[in-house]
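Spelled out, the chains give:
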Amino acid sequence: MYAERVSRLDGAVVWTRTMPSPAPGPAVLPVLPDGCMDLLWTNGKLYVAGPDTHAHPPGETPAGANARYDGVRFAPGAAPAFLGVPAHELRDQRVDLAELWPVARVRALTGLVSGAADPAAALENAALRHAADAPPPDPALRAVARQMAAGRSVAATADAVGLGARQLHRRSLAAFGYGPKTLARILRLQRALALVRGGLPYAEAALAAGCADQAHLSREMRALAGTTLGAYVASANRETPQPSGSSTTA
């Protein structure tokens, strides 16, 4: 079971998911790249899910079957300032928070969350407190994410935010974990899947999202998600509401 809500932290989402047992039943959706990073709580520990370049099976922690996951999913480009770590250093990784922050701080935060009746709310409160003292996210890169999420090209986005190609690439690595072209592909796939889940035929969704045609979308689905459109949509139809991005692995 998966549930999410808008966070009081700017641009973030608070979510909770309980993993099913290994018994036969509906397949669980893979976790697809979305340009986001997550602060996660599961099995008494705090993790960070770095930016993904490919799909991950859900539940990649030792928590096991029937485990509960609580998390704060940051907007693209927002987590590195919060964590104090460039995104590319965490690309495709699930890292214990104690490897990034002082152990004493993580121990105190762990105690607060573990003793809470609602771990997701406690995690959100802790994130709000820490964000108040952390430097703000790079506003230019937040604008980059918004432009690309709306379907603008890399070149048009660079012009809109006033960055040259090299500057945009370097700052994108720090903010998103990969360059702007990869981010554009990931956000385009997310747009297409949202349209497909909304009932739009594959070919129409591909064109509306910015793909050349349905075959292009199918290739991107295999490359970034490791599955087919049909298989993903069949699983998505059995699991509602839909999780997005890195929100189910640690």
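Here, the structure is the one placed above.
Just so it is clear, the structure is predicted and the values come from calculations on it, not from any experiment.

Engineer: Sorry if this is basic, but what is going on with the overall build of the protein chain here?
Structural biologist: In terms of regular secondary structure, the protein chain is built from 10 helices and six strands. Here the protein chain, with 250 residues, has 50% of them falling under the buried criterion. Relative to all contacts within the protein chain whose residues are 6 or more apart in sequence, the contacts with residues 24 or more apart total 72%.

Engineer: How should the packing of helix H4 (residues 139-149) against helix H7 (residues 180-197) be read in this particular structure?
Structural biologist: Helix-helix packing is characterised by the crossing angle of the two axes and by the distance between the axes. It is at 9 Å that the axes of H4 and H7 come closest, and there the two elements cross at 45°. What the angle tells us is that H4 and H7 run oblique. As H4 packs across H7, the resulting crossing turns out to be right-handed. In contact with Val144, Ala145, Met148 and Ala149 of H4, H7 contributes Pro180, Leu183, Ala184, Leu187 and Arg191. Considered class by class, the residues forming the contact of H4 with H7 number eight nonpolar, no polar and one charged.

Engineer: It is not clear to me how the pattern of salt bridges should be interpreted in this structure. Could you clarify?
Structural biologist: Should the charged atoms of two oppositely charged side chains come close, the side chains can pair. Under the defined criterion, the tally for this structure stands at 10 salt bridges. Arg8 is paired through a salt bridge with Glu124; the nearest N and O atoms lie 3.6 Å apart. Residue Arg8 is located in the loop between strand E1 (2-6) and strand E2 (13-18), and its partner Glu124 is located in helix H3 (residues 119-133); the two are separated by 116 residues in the primary sequence. Here the salt bridges share partners, and the residues they tie into one network are Arg5, Arg8 and Glu124.

Engineer: Please explain the packing of helix H2 (residues 103-114) against H3 as it appears in this structure.
Structural biologist: At a minimum axis separation of 9 Å, H2 and H3 run at an interaxial angle of 145°. Listed contacts from H3 to Arg105, Leu109, Leu112 and Val113 of H2 are Pro119, Ala122, Leu123, Ala126, Arg129 and His130. Each residue belonging to the contact of H2 with H3 can be placed in one class, and the counts come to seven nonpolar, one polar and two charged.

Engineer: Is there a simple way to think about the sheet that holds strand E5 (residues 68-74) in this case?
Structural biologist: What holds strands together in a sheet is hydrogen bonding between their backbones, with the strands either parallel or antiparallel. Ordered by their spatial adjacency, six strands build an open sheet running E1-E2-E5-E3-E4-E6, and the pairing between neighbours is antiparallel. Because the sheet does not close on itself, it has two edges, and the strands there are E1 and strand E6 (94-96). The average undirected angle you get between the axes of adjacent strands in this sheet is 20°. Bridging between strand E4 (residues 45-49) and E6 involves three bridges; their strand directions are antiparallel. Bridging across to E6, Val48 finds its partner in Val95. Its contacts with the sheet put H3 on E1, E2, strand E3 (37-42), E4 and E5, and the angle it makes with E5 is roughly 30°.

Engineer: What exactly am I supposed to notice about the pairing of E3 here?
Structural biologist: The side chains of a regular strand alternate between both faces of the sheet. The buried fraction of E3 is high, at six of six residues. Turn length for the E3-E4 hairpin, with the two strands adjacent in sequence and antiparallel, is two residues, and the turn residue Asn43 shows positive phi of about 55°.

What counts and what doesn't
Residues numbered from 1 in each chain as written. Predicted model: local features only at pLDDT ≥ 70, side-chain atom pairs only at ≥ 80, totals over all residues. Heavy atoms only, no water. Helix = DSSP H or I, 4+ residues; strand = E, 2+ residues; numbered from the N terminus. Buried < 20%, exposed > 50% of the residue type's maximum accessible area, 1.4 Å probe, protein only. Contact = heavy atoms within 4.5 Å. Axes fitted to C-alpha atoms, helices over the stretch in contact; angles between N-to-C directions. Parallel < 35°, antiparallel > 145°, perpendicular 65-115°, else oblique. Left-handed = near helix turned anticlockwise from the far one by under 90°. Nonpolar A, V, L, I, M, F, W, Y, C, P; charged D, E, K, R; others polar. Salt bridge = Lys/Arg side-chain N within 4 Å of Asp/Glu carboxyl O. Pairing = 2+ DSSP bridges.

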